[in-house]
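# Report on the structure
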Amino acid sequence: MVYEERNKWSALVVAFITTVAYVVVVVQTAGDQPLATVEWWPIMAWTIGISVLGSIVVSVLWGIIAGIFDPDGVGTSDQRDRDISRMGDRVGSSFMIMGGLGVIVLCALEADTFWIANVMFLSFALSAIVGGTASVIAYRRGLV
Amino acid sequence: MVKPTKVTNSIRTLREAEGLTQAELARRIGVTRQTLIAIEQGKYSPTLELAFQISRVFGSGLDEVFQYPGEQN
């Protein structure tokens, strides 16, 4: 597995785990109350912070372990990595656009800020997860 | 399932004839070994520049290394 593929896997796994954890924490915090009553922003801020730091830490640790077995492959990337990254970004960006449109609709409907923020957050998360999944599939099955 | 490219190549045959390993050829054209494997297996279409670099290693023309079946019909 090449350096950039490890980074994609790290980001994908961390994005998936933190997104699921966010949803679980918000639902548990709400309990019997409506979801919109949850003070969402500290949970979201922690989730984003942990997600960014987590993907860096996992990638570095994985890189150290991989570097022991393949010292020449550490930190190297090439045209194929860039092509796969662009394809993954393209796939993921469609979810960002849908999220943006969702936010506009919710604003027009004067929805609670909870729903506006969470639609945007989930579109970021889906973008990362789906784009990352497309990238790791391309690494395994090919990109022509 | 990813649709395979119509472009085929003779990289593996040429590489073995030259006695080059995948790692050595990958190093000479400036890509990772995984990328070279993907190109050899038709799972990744190299850029034109990379295709020229590969051809140059073998001292061959592009059409000796890469083949496109449509042009023969």
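Residues numbered from 1 in each chain as written. Chains lettered and ligands numbered in written order. Predicted model: local features only at pLDDT ≥ 70, side-chain atom pairs only at ≥ 80, totals over all residues. Heavy atoms only, no water.

Scanning chain B from N- to C-terminus turns up five helices and two strands. Beginning at the N terminus, the succession of helices and strands in chain B can be written as β-α-α-α-α-α-β. For 73 residues, the compact-globule estimate of 2.2 N^0.38 gives 11 Å, and chain B sits close to it at 12 Å. The C-alpha extent of chain B, read off along each of the three principal axes, is 35 × 30 × 20 Å. A burial count over chain B gives 36% of its 73 residues as buried. Once local pairs closer than 6 in sequence are excluded, the contacts in chain B between residues at least 24 apart make up 54%. Just so you have it, chain B exposes about 4600 Å², and 50% of that area is on carbon and sulfur atoms. Put simply, chain B has 9 plus and 8 minus side-chain charges, and the middle of one group is 8 Å from the middle of the other. (Helix = DSSP H or I, 4+ residues; strand = E, 2+ residues; numbered from the N terminus. Rg over C-alpha atoms; globule rule 2.2 N^0.38 Å. Buried < 20%, exposed > 50% of the residue type's maximum accessible area, 1.4 Å probe, protein only. Contact = heavy atoms within 4.5 Å. Areas by Shrake-Rupley, 256 points an atom, 1.4 Å probe, with all protein chains shown as cover. Lys, Arg positive; Asp, Glu negative; His and termini not counted. Charge placed at Lys NZ, Arg CZ, Asp CG, Glu CD.)

For the rest of this paragraph, the subject is the interface of chain B and chain A. Many structure descriptions define interface size as the accessible area lost when the parts assemble. With 16 residues of chain B at the contact, the number on the chain A side is 12 residues. Summed over both sides, the interface of chain B with chain A buries roughly 1200 Å², with 59% coming from carbon and sulfur. Our count for the chain B to chain A interface comes out at zero salt bridges. Grouping the amino acids of the side of chain B that touches chain A by side-chain chemistry returns six nonpolar, eight polar and two charged. (Buried area = accessible area lost by both parts, 1.4 Å probe. Salt bridge = Lys/Arg side-chain N within 4 Å of Asp/Glu carboxyl O. Nonpolar A, V, L, I, M, F, W, Y, C, P; charged D, E, K, R; others polar.)

With that settled, the discussion passes to the environment of glutamate 4 of chain A. All names here are of chain A. Topologically, glutamate 4 is positioned in helix H1 (residues 3–30). Residue classification places glutamate 4 among the partly exposed positions, given a relative accessible area of 22%. Here the alpha-carbon distance between glutamate 4 and alanine 21, two residues 17 residues apart in the chain, equals 26 Å. Residues contacting glutamate 4, with those up to four places away along its chain left out, are Ser77, Asp81 and Tyr139.

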